[in-house]
Amino acid sequence: MKNIDDIKVTLIIAIYKSAPFMPRLMESVFSQTHKNLEIILVDDGSPDESGMICDEYAAQDKRVKVIHKQNGGVCDARNAGMKIMTGEYLSVIDGDDWIEPDYVEYLLKLALSCDADMSLTDSVFTTRDRKQNEEECVEQWSPDKMAEYILCSNLPIGPWNKLYKTEFIKKHNLLYGSLPSGATLYFVICVANQNPLIIKGHRRIYNYRLNNVNSALTSRAVIYGQNALWNIKNVRKLTNTKSPRLLHVIDWHIWKNYNFLLKLIVATNQRKKYWKEYISCLWNIRVRLPKLLLVWGETKKEKFSMFKHSILPLYYAKKAIKAEQEALKLDLQNL
C-alpha cells in the first residue's frame, strides 16, 4: 500500500475579491498536517489586490501555482484549475473560507479506508457555529443517498468538505457547469451518475464564512435565483437514478427554488423588471404543490408548512428576507 505521505492532494481555490480573507485562508492551508499538496490559486480577474497576493504566496511556497485569467465566474475558475491539476486527489475550497489543520488528512484517510472515489463530511463549522461534533459517524453511502442528502440540505451543498479521486474526475470528464448558483449541486449529481464509491464522515474540518457581503450567499441578485433554478431543472433531466424517492426530492427542490427566486425578486424590488419570472414563480409554487404533498413531507407539520408557503408565498418571502437581514447583522459583528 502506498505511504499516505507520498500521495499528492490538489487544492483548488478560486480567488475573487478575496484580499481581506486570504491571510487566514492561506495560513490554514500551509498549516495542514498533510504536507504533500498542490495549491492552485485561480485569480478570476479580481479587481482588488488578490492577484498580487496570490503571486506573493507562490514566491513563498513552491507548492503554490497561480493562474491569472479574465473574470469568468467561480465555476470557470475551478475548471481552469482542474485542467492543470496533478494530484491524485482533489478538493475545492472557497476563497473567503478557511480549513482546519487536519482537513486534507481526514478526508484522505476516509477515502483510503475503502479506496473510495469520493470522501466527504456531512457537517462543517460556520461563523455562527464553532462547536465540534462530539461523536464520529463513518458510513459508506450510495450515490442516491448522497444526492438526496444534499438536495434536502442535510449535507452541505458547497464544493468544499469533499475529496475526489482525480482519476475518477478525469475518466468521466467531470467539470463544473457555467452558471455559478447551484453549480456544485449540478456537479455532484454528475458525479453521482457515474456510480462512485462514497465514504462519509461526521467531523467538522471546514470553516464556512457567513459574513462576506460579496458572496453569493449574502447577495440578492436575481440572477442567482435564475441560475439555481436552471441548474436544478437540468439535474432533473440528467439524473439517471431509478429511485422514485430521489426524483420526488428533486421535484421538491425545484419547488423550493421557485420560492428562492421569488424571494430575490421581492427583496430587490424588481417585480416590474422580472414580471414574467414573478408570475411564473407564483404559478409554479401553487400548481406544483398538490403532487408534492402526496409524495413529500415526513410529517404533517412539514406538509402544512409547504401548504402555507403556497397559499401566502409573498408573506413568507418577506418573512424570510427579514430573518436573513437580522442574521447578517449578527454575522457582520464576527468579522
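First, a word on what this report is: a plain description of the structure on this page. Sequence order sets the numbering: in each chain, residues are counted from 1 along the sequence as written. In keeping with the model being predicted, local features are shown solely for residues with a pLDDT of at least 70 and side-chain atom pairs are shown and tallied solely at 80 or more, while totals for entire chains, interfaces and linings include all residues. Calculation of side-chain values draws on the structure's entire complement of heavy atoms; hydrogens and water are dropped beforehand.

1. Some remarks on the overall build of the chain
Here is the rule we go by: Secondary structure elements are taken from DSSP: a helix is a run of H or I of four residues or more, a strand is a run of E of two residues or more, and numbering for both begins at the N terminus. What the globule rule says is 2.2 Å times the number of residues to the power 0.38, and the radius of gyration is computed from C-alpha atoms. Buried means the residue's accessible area, taken with a 1.4 Å probe over protein chains only, is under 20% of the maximum for its type, while exposed means over 50%, and partly exposed covers the values in between. For this analysis, residues touch if any pair of their heavy atoms sits within 4.5 Å. Calculation of accessible area relied on Shrake-Rupley with a 1.4 Å probe; when residues are assessed, cover is drawn exclusively from the protein chains displayed. The charge count includes Lys and Arg as positive and Asp and Glu as negative, but it does not include His or the ends of the chains. Positions of charges follow a simple convention, taking NZ of Lys, CZ of Arg, CG of Asp or CD of Glu.
The helix and strand tally for the chain stands at 13 helices and eleven strands. Over its C-alpha atoms the chain spans a radius of gyration of 20 Å, differing by no more than 12% from the 20 Å that the globule rule assigns to 335 residues. In terms of principal-axis extent, the alpha carbons of the chain reach across some 55 × 45 × 40 Å. Looking at the chain residue by residue over its 335 residues, the buried ones come to 53%. At a minimum sequence separation of 6, the contacts of the chain that also span at least 24 residues come to 81%. With the model as given, the accessible surface of the chain reaches about 16100 Å², and the carbon-plus-sulfur share is 53%. Between the averaged position of the 47 positive side-chain charges in the chain and that of its 37 negative side-chain charges there is a distance of 10 Å.

2. Regarding the packing of aromatic side chains
As a reminder, the rule being used: Two aromatic rings, drawn from Phe, Tyr or Trp (for Trp, its six-membered ring), form a pair once their centres lie within 6.5 Å of each other, and the interplanar angle then sorts them: stacked below 30 degrees, edge-to-face above 60, tilted otherwise. Should the NZ of a Lys or the CZ of an Arg lie within 6 Å of a ring centre and within 35 degrees of the ring normal, that charge is described as sitting over the ring.
This model, assessed by the stated rule, comprises ten aromatic pairs. Geometrically, the ring pair formed by Tyr 315 and Tyr 316 is edge-to-face, given 4.9 Å between the ring centres and 85° between the ring planes. Judged by relative accessible area, Tyr 315 falls into the partly exposed class, the value being 48%. Given a relative accessible area of 15%, Tyr 316 falls into the buried group. A network of ring pairs unites the aromatic residues Tyr 103, Trp 160, Tyr 206 and Tyr 208 as a single cluster. Of note, Arg 24 hangs over the ring of Trp 98, and the distance from its end group to the ring centre comes to 3.7 Å. Sitting over the face of the ring of Phe 125, Arg 130 holds its NZ or CZ atom 4.8 Å from the ring centroid.

3. Let's talk about the packing of helix α8 (residues 222-238) against helix α9 (residues 244-267)
Helix packing for two helices is described by the angle between their axes and how far apart those axes are. Put simply, the test is: Only the stretch in contact is used when a helix axis is fitted, and all axes are lines through C-alpha atoms; the angle between N-to-C directions ranges over 0 to 180 degrees. Any angle from 65 to 115 degrees is called roughly perpendicular, while one under 35 is roughly parallel, one over 145 is roughly antiparallel, and all others are oblique. The handedness criterion is simple: a crossing whose near helix is rotated anticlockwise from the far helix by less than a right angle is left-handed, and one whose near helix is rotated clockwise is right-handed. Nonpolar residues are Ala, Val, Leu, Ile, Met, Phe, Trp, Tyr, Cys and Pro. Charged residues are Asp, Glu, Lys and Arg, and all others, Gly as well, are polar.
At a closest axis distance of 9 Å, the pairing of α8 and α9 adopts a crossing angle of 165°. The angle between the axes of α8 and α9 places the two elements in the roughly antiparallel class. Seen from above, α8 lies across α9 with left-handed handedness. Facing Val 222, Tyr 224, Gly 225, Gln 226, Ala 228, Leu 229, Ile 232, Lys 233, Val 235 and Arg 236 of α8, the residues of α9 in contact are Leu 247, Ile 250, Asp 251, His 253, Ile 254, Asn 257, Tyr 258, Phe 260, Leu 261, Leu 264 and Ile 265. Split by residue class, the contact of α8 with α9 holds 14 nonpolar, four polar and three charged.

4. Here's the deal with the sheet that holds strand β7 (residues 125-126)
Under the convention used in this document: Paired strands, in this sense, are two strands between which DSSP finds at least two bridges.
Ordered in space as β5-β11-β7, the three strands form an open sheet in which the pairing is mixed. Of all strands in the sheet, those with a lone pairing partner are β5 (98-99) and β7, marking the two edges.

5. Looking at the packing of helix α5 (residues 143-151) against α9
Between α5 and α9, the shortest axis-to-axis distance is 10 Å and the interhelical angle comes to 25°. Overall, the two elements α5 and α9 adopt an arrangement that is roughly parallel. For the pair α5 and α9, the sense of crossing is left-handed. Where α5 abuts α9, its residues Asp 144, Ala 147, Glu 148 and Leu 151 lie against Arg 245, Leu 246, Val 249, Ile 250, Trp 252 and His 253. Considered class by class, the residues forming the contact of α5 with α9 number six nonpolar, one polar and three charged.

6. Things to note about the nonpolar core
Condition: Only buried Ala, Val, Leu, Ile, Met, Phe, Trp, Tyr and Cys residues count toward a nonpolar core, and they belong to the same one when joined by side-chain atoms within 4.5 Å.
Counting residues in hydrophobic clusters, the biggest one holds 62 residues, and the most contacted among them are Met 82, Met 146, Ile 169, Phe 187 and Ile 232. Sorting elements by how many residues they give to this core places α9 first, with twelve residues. Excluding residues that lie within four positions of it along the chain, Phe 187 makes contacts with Met 82, Tyr 164, Ile 169, Leu 174, Leu 175 and Tyr 176.

7. A closer look at the environment of Leu 314
Mapped onto the fold, Leu 314 is located in helix α13 (residues 313-332). Under the relative-accessibility criterion, Leu 314 is labelled partly exposed at 24%. Leu 314 sits 225 residues away from Tyr 89 along the chain, and the two C-alpha atoms are 45 Å apart. The contact partners of Leu 314, leaving out residues within four places of it in the chain, are Leu 262, Val 266, Arg 271 and Tyr 278.

8. Quick look at the side chain of Gln 32
As a reminder, the rule being used: Polar contacts here mean pairs of N or O atoms no more than 3.5 Å apart (in protein, one a potential hydrogen donor and the other a potential acceptor; neighbouring residues in sequence count only if both atoms are side-chain atoms).
Take Gln 32: it is sitting in the loop between α1 (22-30) and β2 (37-44). Of note is the side chain of Gln 32, whose polar atom sits 3.4 Å from the backbone nitrogen of Tyr 103. A polar contact of 3.0 Å, which involves the side chain of Gln 32, links it to the backbone nitrogen of Val 104. Residue contacts for Gln 32: discarding those within four places in its chain leaves Leu 37, Ile 99, Glu 100, Pro 101, Asp 102, Tyr 103 and Val 104.

9. Comments concerning the pattern of salt bridges
Which entries qualify depends on this criterion: A side-chain nitrogen of Lys or Arg and a carboxyl oxygen of Asp or Glu constitute a salt bridge if their distance falls within 4 Å.
For the coordinates displayed, the defined rule picks out 17 salt bridges. For Lys 2, the salt bridge goes to Glu 88, with nearest N and O atoms at 2.6 Å. Of this pair, Lys 2 sits in the segment before β1 (9-15) while Glu 88 sits in the loop between α3 (74-84) and β4 (89-94), and the two are 86 residues apart along the sequence. Residue Lys 2 is classed as partly exposed on the basis of its relative accessible area, which comes to 45%. The salt bridge involving Glu 134 is made with Lys 131; its shortest N-O contact spans 3.9 Å. Assessed through its relative accessible area of 55%, Lys 131 is described here as exposed. If you follow the salt bridges from partner to partner, you end up with Asp 122, Glu 139, Lys 145 and Lys 200 in one network.

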